[in-house]
Amino acid sequence: MSPVTTVLVVDDDFMVAKLHSRYVSAVDGFTVAGVAHSGAEALRAAEALRPDIVLLDIYLPDMDGIGVLRALRSAGHGADALFITAARDAGTIRSALRAGALHYLIKPFSQAALREQLLHVASVRTRLAQLDEARQEDVDQIFGTRPPGSRELPKGLAAHTADLVERILRDHPAGLSAAECAEAGSLSRVSARRYLEYFAETGRAEVTLRYGGTGRPERRYRRVG
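A. Broad picture of the side chain of glutamate 166. Its place among the elements puts glutamate 166 in helix H7 (residues 159-171). Polar side-chain contacts of glutamate 166 include one of 3.2 Å to the side chain of arginine 204. Excluding residues within four positions of it along the chain, glutamate 166 makes contact with Phe199, Arg204 and Arg223.

B. Representation of helix H3 (residues 65-74) within the structure. Listing the buried residues of H3 in full gives Gly65, Ile66, Val68, Leu69 and Leu72. Taken end-on, H3 shows its buried residues confined to a sector of 160 degrees, consistent with a single buried face. A side-chain oxygen of the first residue of H3 lies 3.1 Å from the backbone nitrogen of isoleucine 66; this N-cap is aspartate 64.

C. Here's a closer look at empty space enclosed by the protein. On inspection of all chains with the given rule, the structure shows one cavity of 30 Å³ or more. Space inside the largest cavity adds up to approximately 30 Å³. Lining the largest cavity are Glu116, His120, His160, Asp163, Leu164 and Arg167. Elements with a contribution of two residues or more to the lining of the largest cavity: helix H5 (111-130) and H7. Split into classes, the residues belonging to the lining of the largest cavity amount to one nonpolar, two polar and three charged.

Conventions used here
- Residues numbered from 1 in each chain as written.
- Predicted model: local features only at pLDDT ≥ 70, side-chain atom pairs only at ≥ 80, totals over all residues.
- Heavy atoms only, no water.
- Helix = DSSP H or I, 4+ residues; strand = E, 2+ residues; numbered from the N terminus.
- Polar contact = N/O pair within 3.5 Å; in protein donor to acceptor, adjacent residues only side chain to side chain.
- Contact = heavy atoms within 4.5 Å.
- Buried < 20%, exposed > 50% of the residue type's maximum accessible area, 1.4 Å probe, protein only.
- Arc of directions from axis to C-beta.
- 1 Å grid on protein atoms, 1.4 Å probe; cavity = no way out; pocket = protein on both sides within 12 Å on 5 of 7 lines; lining within 4 Å.
- Points joined across faces, edges and corners; volume = space filled by probe spheres on them.
- Nonpolar A, V, L, I, M, F, W, Y, C, P; charged D, E, K, R; others polar.

Structure representation (structure tokens):
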């Protein structure tokens, strides 16, 4: 049985915290360990619960989320942090990165966007736990970077979503349609098709046509390699 990833949700708005908790609970393999509505509550909860991931708002009544993350690091907590906030200024985003945030979601965001980031963090944690000595390609995947000379994603495509679609392809060796990929990844059908077509164009997936009784044939995608 795969281990469950525990999440601490921190937001000063009770209804928003409830919504984010519902988003987390809807993702297989994740559970809400606790909820906090202030920086002090977050620090106490992190000490008691030792969550794997902390969802942090910037705006809290007693201290900002960046201060909470710095305090967690000073206390030796190893939880990974995702910021979920309305703060859009570049200085705050820069400070969050420097404090050690793995990602930063600007409110409002979709359930699918949070799901994607949670899965990415869990994937990174799993990969690191399995590594004794990393290769450069392992490091590139963990940090979400690409080696020099590698093919960049086209404008409008995100690396994390591309990784998600690639995992879905890997989990469906017999192939699947854009609609099936969208359902598996909680993506829109249009978005899933864009990534699948990108993989087909770059030789990482092959396309076959399934003919039905009437209308256009269905395009099905199978991972190559």
